[in-house]
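Notes for the structure review
Residues per chain are reported as follows:
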Amino acid sequence: MIEAEKTNDTTNVEKLENSKCAEIKLKNDSLSENIYKLDGKVPFLTALTIGLQHVLAMFLSNVVPIIIIASLATINGASVPDSIKTQLIQNAMFVAGVSSLIQIFGIWKIGSRLPIIMGISFTFLSVAARKGLDYNIIMGSVIVGGFIEGVLGLTYKYWKRLISPVVASCVVIGIGISLLPVGAISFCGGSELLNTPGSDFGSLKYWIVGGITLISCLASFNMFKSTLKALSPLIGLIIGCLVSLFFDMIDCSDFANIGIFSFPTLFPTGKPIFDLGNIISFLFIFFVSATETIGDTSAICYGALNREMTAEEGSGSLACDGFSSTLAAIFGCSSTTSFSQNVGLINLTKVVNRYVVAVGALILVIASFFPPLAYILKKVPESVLGGCTILMFGQIFISGIRMLYKNGLSERNMIIASVSICLSVGLSSQEKMFQFAPELIKKVFVNNPVSIIFFLLLLLDSFLL
């Protein structure tokens, strides 16, 4: 009798233990599944790990446009001071984090409420990265253009058919073509060395450092699999910086003057300047940025959520793209946009939980309060940036070709593409080609192939049957 009771007790204990194990396993499985749900609850350490991965995938791409623009632009005719460059990089991290949080969680009708990472756009380099252009003119143009895109985003359903796929794809090709010289100039020593008497622009040391950086990017892209592929530009940048130390290309002697903690500042370069010609040029690119953002939003819905994008999500995504660009300019940064590499990361891993991605956005905001990080990024040699950006800019060009191929290589599309691309590149090569035109037209089109190609594409797409 006693033995029977003992046996029953043992059996009950085993059942209880098995029940607890099953409950724990079910709980763990539930937590594991939550990262694949848009609003699932995820442990903080898991969210931190995946969020950090998103930051690393986009970090370099977020700050490089600011570094390039600041190296080419002027403030009242003088070069942008190093102290302001540090502040601009710091602000770029803050803006990327804040605009991502708005996109992820939404404010009113602004934001898609999808796990989309926002950051400083490479697309606007085609109009912003022009030597000698006043930095505050760029900021004024982004403030106006961003606000207009934000308003258009709220009315997205009324005009979404205006920009056809062939227009969007050819503009992306044009942007890629216009950026290639920027990457090549950095590769050979940097934009600030051009037209400087006695400069060593094009020296062998720049070719060595830039070449090793580019090879490192390509090697890491080839060696790694899955999500690590997205980190190849960052890996190349680190290796390139290490190599540049042997050529004394990094000077950190003033590091002691950098504070440990500071807040991002409003209008770090001064009051914005509103110039109509440049505003029109930027507006063309804002339309392009809008198509890219819609493409990324659709890709998240289709690739990770297995459904079509809703009109509300598209409208909110565009509104965030525009209004956060205006916010970025207030902090001295160029326009923001959705980051395709992070969209690709989500589609690859299927980790679509927006709280996980939001942790990555919070990391960017926190990092923006520490100037030493911005200082280190500012010290990256131009040839190292060139080695990384050649790869990035090339990918923009190729993505445009891929878009055109995906949309169909019909005879009509090929005529539109060939005429617009060839004319835009040719007409933007010499300033005197527009000597007959009023000053406003010159500001819009001279040395600006993307404005030309966008204008031609709209005409051809409207009138060719």
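Attention here is on the structure that accompanies the text. This structure is a prediction, so every number in the text was calculated from the model and none was measured. (Residues numbered from 1 in each chain as written. Predicted model: local features only at pLDDT ≥ 70, side-chain atom pairs only at ≥ 80, totals over all residues. Heavy atoms only, no water.)

This paragraph deals with the pattern of salt bridges. For side chains bearing opposite charge, pairing can occur when the charged atoms are close. A complete count under the given rule lists three salt bridges for this structure. Between Asp461 and Arg412 there is a salt bridge; the shortest N-O distance is 3.0 Å. One end of the pair, Asp461, is in helix α18 (residues 449-463); the other, Arg412, is in helix α16 (residues 411-427), and 49 residues separate them in sequence. (Salt bridge = Lys/Arg side-chain N within 4 Å of Asp/Glu carboxyl O. Helix = DSSP H or I, 4+ residues; strand = E, 2+ residues; numbered from the N terminus.)

The next thing to look at is the environment of Leu48. Relative to the helices and strands, Leu48 is located in helix α2 (residues 44-72). Given a relative accessible area of 32%, Leu48 falls into the partly exposed group. Taking the C-alpha atoms as reference points, Leu48 and Tyr355, 307 residues apart in sequence, are found 9.9 Å from one another. Contact partners of Leu48, with chain neighbours within four places excluded, come to Val359 and Ile363. (Buried < 20%, exposed > 50% of the residue type's maximum accessible area, 1.4 Å probe, protein only. Contact = heavy atoms within 4.5 Å.)

A few words now on the packing of aromatic side chains. If you walk through the whole model with that rule in mind, you get 11 aromatic pairs. Taken together, a centroid distance of 5.8 Å and an interplanar angle of 65° make the contact between Phe147 and Phe323 edge-to-face. Taken together, the residues span a long stretch of sequence, with Phe147 in helix α5 (residues 135-154) and Phe323 in helix α11 (residues 311-330) at a distance of 176 residues. Since its relative accessible area comes to 47%, Phe147 is described here as partly exposed. Note on Phe261 and Phe370: the rings are 5.8 Å apart at their centroids and 80° apart in plane angle, and the pair reads as edge-to-face. Taken together, the residues Phe261 in the loop between α9 (232-244) and α10 (276-304) and Phe370 in the loop between α13 (354-367) and α14 (371-378) connect sequence positions 109 residues apart. By relative accessible area, which is 36% here, Phe370 ends up partly exposed. Here a set of aromatic residues connected by ring pairs shows up, and it is made of Phe94, Phe261, Phe263, Phe331, Phe369 and Phe370. (Phe/Tyr/Trp six-rings, centres within 6.5 Å; stacked < 30°, edge-to-face > 60°.)

To continue, consider the nonpolar core. Counting 115 residues, the largest nonpolar core has Tyr135, Ile138, Val171, Leu237 and Phe393 as its most contacted members. A per-element tally of this core places α2 first, with 12 residues. Ignoring any residue separated from it by four or fewer positions in sequence, one finds Tyr135 in contact with Ile66, Ile69, Ala70, Ala73, Thr74, Ile75, Val80, Leu88, Thr269, Gly332 and Cys333. With six residues, the next largest nonpolar core counts Ala47, Ile50, Val356 and Val359 among its residues. (Core = buried A, V, L, I, M, F, W, Y, C linked by side-chain atoms within 4.5 Å.)

On to unusual backbone geometry. Even without being glycine, Asn76 reaches a positive phi, approximately 55°. In this structure, Asn76 sits in the loop between β1 (74-75) and β2 (78-79). Using a relative accessible area of 70% as the deciding quantity, one classes Asn76 as exposed. With phi around 65°, Arg113 is a residue other than glycine that occupies positive phi space. Structurally, the position occupied by Arg113 is in the loop between α3 (82-105) and β3 (118-120).

This part takes up empty space enclosed by the protein. Taken as a whole and assessed by the stated rule, the structure comprises one cavity of 30 Å³ or more. By volume, the largest cavity is sized at about 40 Å³. Forming the walls of the largest cavity are Ile148, Glu149, Leu152, Leu283, Phe286, Phe287 and Ala290. Of all elements in the fold, only α5 and α10 reach the threshold of two or more residues within the lining of the largest cavity. With four residues, α10 is the largest single contributor of residues to the lining of the largest cavity. Here the residues of the lining of the largest cavity sort into six nonpolar, no polar and one charged. (1 Å grid on protein atoms, 1.4 Å probe; cavity = no way out; pocket = protein on both sides within 12 Å on 5 of 7 lines; lining within 4 Å. Points joined across faces, edges and corners; volume = space filled by probe spheres on them. Nonpolar A, V, L, I, M, F, W, Y, C, P; charged D, E, K, R; others polar.)

So, on to the packing of α3 against α14. Axis separation between α3 and α14 bottoms out at 8 Å; the angle between their running directions is 115°. The angle between α3 and α14 places the two elements in the roughly perpendicular class. As for the relative orientation of α3 and α14, their crossing is right-handed in sense. Between α3 and α14, the contacting residues are Asp82, Lys85, Thr86, Ile89, Gln90 and Met93 on the first element and Pro371, Leu373, Ala374, Tyr375, Leu377 and Lys378 on the second. (Axes fitted to C-alpha atoms, helices over the stretch in contact; angles between N-to-C directions. Parallel < 35°, antiparallel > 145°, perpendicular 65-115°, else oblique. Left-handed = near helix turned anticlockwise from the far one by under 90°.)

Helix length check: α11, at 20 residues, gives a terminal C-alpha distance of 29 Å against a target of 28 Å (1.5 Å per residue), a fit within 8%. Of all 20 residues that make up α11, 15 are buried, and the element is covered over most of its length. (Expected span 1.5 Å × (residues − 1).)

Moving on, we come to the state of the cysteines. Applying the stated criterion to the full structure yields zero disulfides. Between Cys241, a cysteine without a disulfide, and Cys388, which holds the nearest cysteine sulfur, the sulfur-to-sulfur distance is 8.0 Å. Overall, the relative accessible area of 15% leaves Cys241 in the buried class. (Disulfide = S-S within 2.5 Å.)

Looking now at the side chain of Asn353. As for its placement among the helices and strands, Asn353 is situated in the loop between α12 (340-349) and α13. Engagement of the side chain of Asn353 in a polar contact is seen with the backbone oxygen of Lys37, the distance being 3.1 Å. A polar side-chain atom of Asn353 sits 2.9 Å from the main-chain amide nitrogen of Tyr355. Setting aside residues up to four positions removed in sequence, Asn353 forms contacts with Asn34, Ile35, Lys37, Leu38, Asp39, Gly40, Val42 and Pro115. (Polar contact = N/O pair within 3.5 Å; in protein donor to acceptor, adjacent residues only side chain to side chain.)

With 13 residues, α9 should reach 18 Å at 1.5 Å per residue; the first-to-last C-alpha distance of 18 Å fits that figure. When we look at burial in α9, the residues that qualify are Ser232, Pro233, Leu234, Gly236, Leu237, Gly240, Cys241, Val243 and Ser244.

There is a patch of nonpolar side chains on the surface, built from Ile260, Phe261, Phe263, Leu362, Ile366 and Phe370 and spanning about 630 Å² of accessible area. Locating Ile366 in the fold gives a position in helix α13. (Patch = residues over 30% accessible without salt bridge, like charges linked within 9 Å, V, L, I, M, F, W, Y side chains within 5 Å. Areas by Shrake-Rupley, 256 points an atom, 1.4 Å probe, with all protein chains shown as cover.)

Mapping Thr269 onto the fold places it in the loop between α9 and α10. What makes Thr269 buried here is its relative accessible area of 8%. Within the structure, Thr269 has its side chain in polar contact with the side chain of Asn136 (distance 2.6 Å). Once residues lying within four places of it in the same chain are set aside, the contact partners of Thr269 are Ile75, Ile84, Leu88, Tyr135, Asn136 and Met139.

Nothing here speaks to function; it is all geometry.
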